[in-house]
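Understanding the architecture of this molecule
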Amino acid sequence: MDFAQILANGVVLGALYACLAVGFSLVWGVLNVINMLHGSFIILGGYLTYFAWQMFGIHPLIMLPIVAAFLFVVGYALQAIFINKVVTAPVLVTLTLTFGLDMILYNLMTVYFSATPRQVTLGLGSIQLFGVYLPVVRLLGMALALLLTGLLYVTLRGSRIGRAIVAVRMDRSAAALMGIRVNRIYAITFGIGALMAGAAGALFAMVFPITTNLSGVFLGKAFVVCVIGGLGSVPGALVGGLALGIIESFSGVLLGPQHALTVGFLVMLLLLIVRPTGLVGVKGYE
Amino acid sequence: MPELLRIAGLTAGYGDVQVLWGIDLDVREGEIVAIVGSNGAGKTTLLRTISGLVGARAGSILFEGREISKAGPDEVLAAGIAHVPEGRRLFKGLSVKDNLLLGAYLRRDKAEIQNDLDYVFDLFPRLKERHSQDATTMSGGEQQMCAIARGIMSRPRLLMIDELSLGLAPALIERLSEGLKAINGNGLTILLVEQDVMTAFELASRAFVVETGRIAKAGETVVLADDPAIRQAYLGV
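Just so we're clear, the structure is a prediction, and the values are computed from it rather than from any experiment.

Residues and elements named next belong to chain A. Position of alanine 18 among the secondary structure elements: in helix α1 (residues 3–31). On the accessibility criterion, alanine 18 (0% relative accessible area) is buried. Along the chain, alanine 18 and valine 234 lie 216 residues apart, while their C-alpha atoms are 8.5 Å from each other. Ignoring anything within four residues of it in the chain, the contact list for alanine 18 reads Thr149, Ala237, Leu238 and Gly241.

In structure tokens:
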């Protein structure tokens, strides 16, 4: 395979990784919660998209906003009902709680959806550009992943609610003095994290087969993307996602696909030593 | 002048530590009132209790006749009390303008918010020059201007400022004092916590002296400034 093709594959994968990780990163950055549910949220989004398509013939692009909205509600409720009770506790407490909730969600999905790999097959064919072969469905997935990530960025930077999220992240009690109801912003932020996970899941279901067994893999990827790019910022997730996609694509070809994941984690470890804030992370902003 | 704020028998604290031991205090409309006292006397806790960051244990806080001692920070702000916290506490990574807009978070009247932005930019032209800069990269004095302006952006009836002068050069304190007088002249009532008694007495018409969580003395600042005990304890003469 030539260089351009490997790079293109990496960029497509990386855009999906960015979309997959950005919600996880946001929740970690704003709430200081390591959301162990994130991988299962992605799977849930993917399964809902698949079953709507398979059973009712609903196009994935129509399901995408529905799945995203549904997961926002799920995330908001989980935060408001459970996680807000312990959100100021040390990070290990919230990690244990989300881990427990993930066990429940993961097993429910395995029971009701089974662990059979599922994929939406749209059969859109592929195009060839400068000698690079690109399936249309992957291009579509990449474009939507970048669009959603960009939308999140614009929302955080330019909207009233986005400013409130950043303010809560920076200084909780000063934010309260602005009249911001901190617990509500936490619930909204967690909801947005779940929304992005669900949307990423819908996109993944169009591109790769998904199964509940991938839940941990997706969570691991979100972790690596955050550490490589820098925690809690959209540009960090974008850079981290693209970096991981390209790293996996090249190491998969050069060393074999079984080593792609290992190389990703190795790069993460290396960055933790030489640049713990991530590639575009800012000190004190993590 | 009608009464704006009346606090009676207020007690508060953190966990096992009681800080306020029955505070009585009043602020009338249009006044600048100062709360002075040494470090650890409970001045900051008093402001935090009024704004709902710290829960009141006993006593009452009446604002325009309404009991607010049980209200949360968002309700206190909505009632019309803005709190400029000690150490400015501007939001890092956000521009001056975004910080100011966060001051107006509870408001939905876009056109009026724009008017108030123009008003605070008029008051502190430095903020206008630096409106797109990260607020926490400005000098201490500019940050204090931004914090006060952010407080004004909620259009409060009462502005509480914690430690106006802390860590600032005399010329800057002078500049900020002028700004506060202008704001007060436009009708905003101000409750000022200040360790520097000289600055506080220059600005305020009345003052309360807090010692170990109680009001030790209260009165007109011109009278307090001549009180031998206060002169010795706080004015260093």
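Moving on from the coordinates now.
Here we take up the interface of chain B and chain A. Taken together, the contacts link 21 residues of chain B with 22 residues of chain A. Interface area, chain B with chain A, both sides summed: about 2,000 Å², of which 63% is carbon and sulfur. When the area that chain B buries against chain A is broken down by residue, the three leading residues are Phe91(B), Lys92(B) and Tyr105(B), summing to 34%. Inspection of the region where chain B meets chain A yields two salt bridges. Linking Asp171(A) and Arg89(B) is a salt bridge whose minimum nitrogen-to-oxygen distance equals 2.6 Å. Run the count over chain B and chain A and you get three residue pairs in polar contact (both at pLDDT 80 or more). Those elements giving two or more residues to the side of chain B that touches chain A turn out to be α2 (73–79) and α3 (96–103) of chain B. Residue contributions to the side of chain B that touches chain A peak at four residues, all from α3(B). Residue composition of the side of chain B that touches chain A, grouped by class: ten nonpolar, four polar and seven charged.

This brings us to the confidence of the model for chain B. Looking at chain B, the pLDDT average stands at 94 and 100% of residues meet or exceed 70. For chain B, per-element mean pLDDT is lowest for helix α10 (residues 228–235) of chain B, which scores 84, and highest for strand β6 (residues 81–84) of chain B, which scores 98.

Take the sheet that holds strand β9 (residues 206–211) of chain B next. Residue and element names in this part refer to chain B. Within the open sheet, the six strands sit side by side as β6-β7-β8-β3-β9-β10. Their pairing is mixed. Both edges of this open sheet fall to β6 and β10 (214–220), since each of them pairs with a single strand only. The average undirected angle you get between the axes of adjacent strands in this sheet is 15°. Across five bridges, strand β7 (residues 158–162) lies against strand β8 (residues 189–194) in parallel orientation. Its bridge partner lying in β8, aspartate 162 is registered against valine 193. Against the sheet, helix α6 (residues 140–152) makes contact with β6 and β7, and its axis sits at roughly 165° relative to β6, the strand it touches most. With respect to the sheet, α10 is in contact with β9 and β10, its orientation differing from that of β9 by roughly 70°.

The rules behind each value
Residues numbered from 1 in each chain as written. Chains lettered and ligands numbered in written order. Predicted model: local features only at pLDDT ≥ 70, side-chain atom pairs only at ≥ 80, totals over all residues. Heavy atoms only, no water. Helix = DSSP H or I, 4+ residues; strand = E, 2+ residues; numbered from the N terminus. Buried < 20%, exposed > 50% of the residue type's maximum accessible area, 1.4 Å probe, protein only. Contact = heavy atoms within 4.5 Å. Buried area = accessible area lost by both parts, 1.4 Å probe. Salt bridge = Lys/Arg side-chain N within 4 Å of Asp/Glu carboxyl O. Polar contact = N/O pair within 3.5 Å; in protein donor to acceptor, adjacent residues only side chain to side chain. Nonpolar A, V, L, I, M, F, W, Y, C, P; charged D, E, K, R; others polar. pLDDT = per-residue confidence, 0-100. Pairing = 2+ DSSP bridges. Axes fitted to C-alpha atoms, helices over the stretch in contact; angles between N-to-C directions.

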